[in-house]
Structure formats: C-alpha cells, structure tokens
Amino acid sequence: MAQILVTGGAGYIGSHTAKRLASAGFETVVLDNLSTGHRDFARWGAFVQGDIADGELLDRLFTSRTIDAVVHFAAASQVGESVREPLRYYRNNVAGTVSLLSAMRRHGVETLVFSSTCAVYGPPFDVLLTEDHPSAPISPYAKSKRMMEDVMEDMGRAGCLRHVALRYFNAAGADPEAEVGERHNPETHLIPLVLQAALGQREALSIFGDDYDTPDGTAIRDYIHVQDLADAHILALRHLQKGGAPGAFNLGNGQGHSVRQIIDAAREVTGRDIPTRMAPRREGDSPRLVGDASKARRVLGWNPQLADIRRIIETAWAWHKNETSFTPTR
Ligand code: UDP
C-alpha cells in the first residue's frame, strides 16, 4: 500500500497528524531528525531518523517505499530564535524544503501538504485575516515559510507540484486521548507556560505587554486545537488526491482570546492559582491575529470539533499533568 511521508512527524503538530492519518486508514512513514521532535511521539506507522537536507537518504526512502504524497512539517519554528539565528532558519526551512522538493521531483511525487503560518500576514491586524490579506512577514521564521510557499507556487505553475499550504493560527491543546501533546524545550508558548505555572513548575507567568489597543490591553490570538489542525491535513490530502485546486488555507476558529482571558480560563479549568507578573511586550508580537477559515470550511469541508477554549485547555491540562519529561532549566 502506498504511504504518506510525514516529515517532522515526531513534533507537536506532526505527531498528532500522524495519529489521525493512521486512524483514517493511511499508511505513514515519519521522517524526523529528532532535533526538536521526540522519538516517543513517532508511534504511528514506520519511523526513519534523518534530515530532509540529506538527498541520499531521501533517495533511499523514495526508492524503497511507494510514497504517494508528503505532509511536510519538518522545520525550525521559534520566532525569537529565528531573529537571533536567521541562517539556521534559511538553512533548515528553505534549503531543507528545496532538498525535499528536489527529491520529490526526482521520484515523481507531486502531492504536498505544507505547514505554514498566520505569521505571513502583515498589518492591518484588526480584521479577520483572509488568505488574500497583505503578506508582510517580519521574522526570519515567517519569511522562510512565505518563501517556501512562493517556491511551491512556482513549481505548481511549472506543472511539477500540487500543494496545499495550511496557515495555522495558534496551535494549542493535546490529543484528547493524551497519547501525545505539546513538549518544547525550551517552551515559549502561552498555554503550556500557563499550565506549568499552575503546576508550580514555574514561579509566575509573564504577561508580555498590557498596553496593546485591545479591550484588556493584552494581545489577542486565535487558538485552534491541534487535533482539528491534524484533521485539516487529511482533508487537504484528500482534496489534492481528488484533483482539487492547490492554494493556501487559513486554519483558525475565528475567535480571539486575550492573554488575560487564557489565564482566566486556565484558572477555571485547573482550579489552581496561576501567579502572573507584568513584562514588556515581546519583540515581533502583533496585537491581534484572528483568522477567517471559511475557505477551508467551504473547500476542504473542514469543521473544527474542539473549538471551545476551555476544551482546548482541558486537553492540554490532561497532558501536562502527566508530562514527566519537563525540564525547567532548558
Ligand atoms: N505570551 C505571554 N507570555 C508568555 C508567552 C506568550 O504573554 O510567557 C503572549 C504572547 O506575547 C502572545 C500570546 O501570548 O501575545 C501567544 O504567544 P505564543 O508564543 O503562544 O504564540 P504566538 O502568537 O507568538 O505564535
């Protein structure tokens, strides 16, 4: 049976997607260099440890298996780090993806679902962001994603690739069965940090800025459950396999929650105290990022099941309570 290659399938969104692909009846092979992914997250389908930049490894992989399509997550993904170490992002994300696309081309694989980001959008931010909103990525991370979208569009025009770029808003939550979840070292994302503060693993949650032009002064994001994101990849794959038109799709709930609203919801869900302290704005943060995903609903038939913010936090809480690998020093 033909397989789906999942690059970065040992990471946060990749592992949830590998699980959902397996339950939907797809055969998968995960390729991950484990630089940020976790071996215990790659538990569905076959696993190959390696890098997308390794052309010989890709040749062996594409020759020894029948690969139908690629779902491509493998990338460095920290905005702050990308500002400090831009080359790492252009090497891993851009050059790495070019290596993957070249191997796909050598082996006649033309179908790709790509993980992109809402960070490709530019101002104004006080609207529901649609796919045709002006693109103006700021960080090297977001620029690298935008560049890869451009490369894929050009390959599409040249008739050698059919791709869907999924522009995620804020991925959050964990597998409702708690088999996989969010584990980043170091952790920089709001919901896991809030829950680690609730668990007493961190002294206090720093609120990055309360002087934004938003109702409570803190920044607003559109949080989308990781399993709903995972399901969108399966729909995108089926869409391409049925001959659907390539393109970019937003994945969000269309509902904004401020940092303070997330902390309040987490206090309710956990029943714990969550100490906070004020901190300056984090460089590069937008005041508000909320997405219009009606195109994904209309064209892909996507229908998020876990949109409620409490439900999102509940699933994350169930995961973090049992997460033993937490290392506060890293
Ligand atoms: N945030 C915060 N304190 C933290 C981490 C994040 O106030 O310790 C804020 C951050 O400034 C942003 C929101 O929470 O407004 C979501 O940040 P996250 O890093 O989770 O995702 P991003 O939107 O940057 O992709």
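Refer to the preceding data block for the structure.
Residues numbered from 1 in each chain as written. Predicted model: local features only at pLDDT ≥ 70, side-chain atom pairs only at ≥ 80, totals over all residues. Heavy atoms only, no water.

A. Expanded view of helix α4 (residues 86-106). Here α4 is 21 residues long and its end C-alpha atoms lie 29 Å apart, about the 30 Å a rise of 1.5 Å per residue gives. Elements in contact with the buried residues of α4: β1 (3-7), α2 (55-64), β4 (67-72), α3 (79-84), β5 (111-117) and α5 (140-157). Once α4 ends, the next one or two residues include G108, with phi positive near 70°. (Helix = DSSP H or I, 4+ residues; strand = E, 2+ residues; numbered from the N terminus. Expected span 1.5 Å × (residues − 1). Contact = heavy atoms within 4.5 Å.)

B. Broad picture of the site of the ligand. The full set close to the ligand counts 15 residues, and L190, S206, R221, R282 and D285 are the nearest of them. One of the side-chain N or O atoms of N170 is found 2.9 Å from an oxygen atom in the ligand. R221 is positioned with one of its side-chain polar atoms (N or O) 2.7 Å from an oxygen atom of the ligand. Expressed as a share of its isolated accessible area of 520 Å², the protein-covered part of the ligand is 88%. For the shell around the ligand, the leading source of residues is strand β8 (residues 205-208), giving 4 residues. Per-class residue counts for the shell around the ligand are 8 nonpolar, 4 polar and 3 charged. (Near = heavy atom within 4 Å. Polar contact = N/O pair within 3.5 Å; in protein donor to acceptor, adjacent residues only side chain to side chain. Areas by Shrake-Rupley, 256 points an atom, 1.4 Å probe, with all protein chains shown as cover. Nonpolar A, V, L, I, M, F, W, Y, C, P; charged D, E, K, R; others polar.)

C. A look at the packing of aromatic side chains. Summed over all chains, the structure comprises 2 aromatic pairs. A centroid spacing of 5.8 Å and a plane angle of 70° characterise the contact between F41 and W319, whose relative ring orientation is edge-to-face. Residue F41 is found in the loop between β2 (27-32) and β3 (46-49), and its partner W319 is found in helix α10 (residues 309-321); the two are separated by 278 residues along the sequence. Summarising the burial analysis for this pair, F41 and W319 share the class buried. Taken together, a centroid distance of 6.4 Å and an interplanar angle of 90° make the contact between Y89 and Y141 edge-to-face. Note that Y89 is positioned in helix α4 and Y141 in helix α5, a separation of 52 residues in sequence. The ring of Y212 is capped by R281, whose NZ or CZ atom sits 4.0 Å from the centre of that ring. (Phe/Tyr/Trp six-rings, centres within 6.5 Å; stacked < 30°, edge-to-face > 60°. Buried < 20%, exposed > 50% of the residue type's maximum accessible area, 1.4 Å probe, protein only. Lys NZ or Arg CZ within 6 Å of the ring centre and 35° of its normal.)

D. Main features of the pairing of strand β11 (residues 247-251). Of all 5 residues in β11, 5 are buried; the element is thus mostly enclosed. Judged by which residues are buried, β11 turns out to be covered on both faces: G247, F249 and L251 on one side and A248 and N250 on the other are all buried.

E. How the structure looks around the sheet that holds strand β9 (residues 220-221). Spatial ordering of the open sheet is given by β12-β9-β14, a layout of 3 strands whose pairing is mixed. Strands with a single pairing partner mark the edges of an open sheet, and in this sheet they are β12 (257-258) and β14 (288-289). In the sheet, β9 pairs with β14 via 2 bridges, with the strands oriented parallel. When the sheet's bridge partners are listed, I220 is paired in β14 with R288. (Pairing = 2+ DSSP bridges.)

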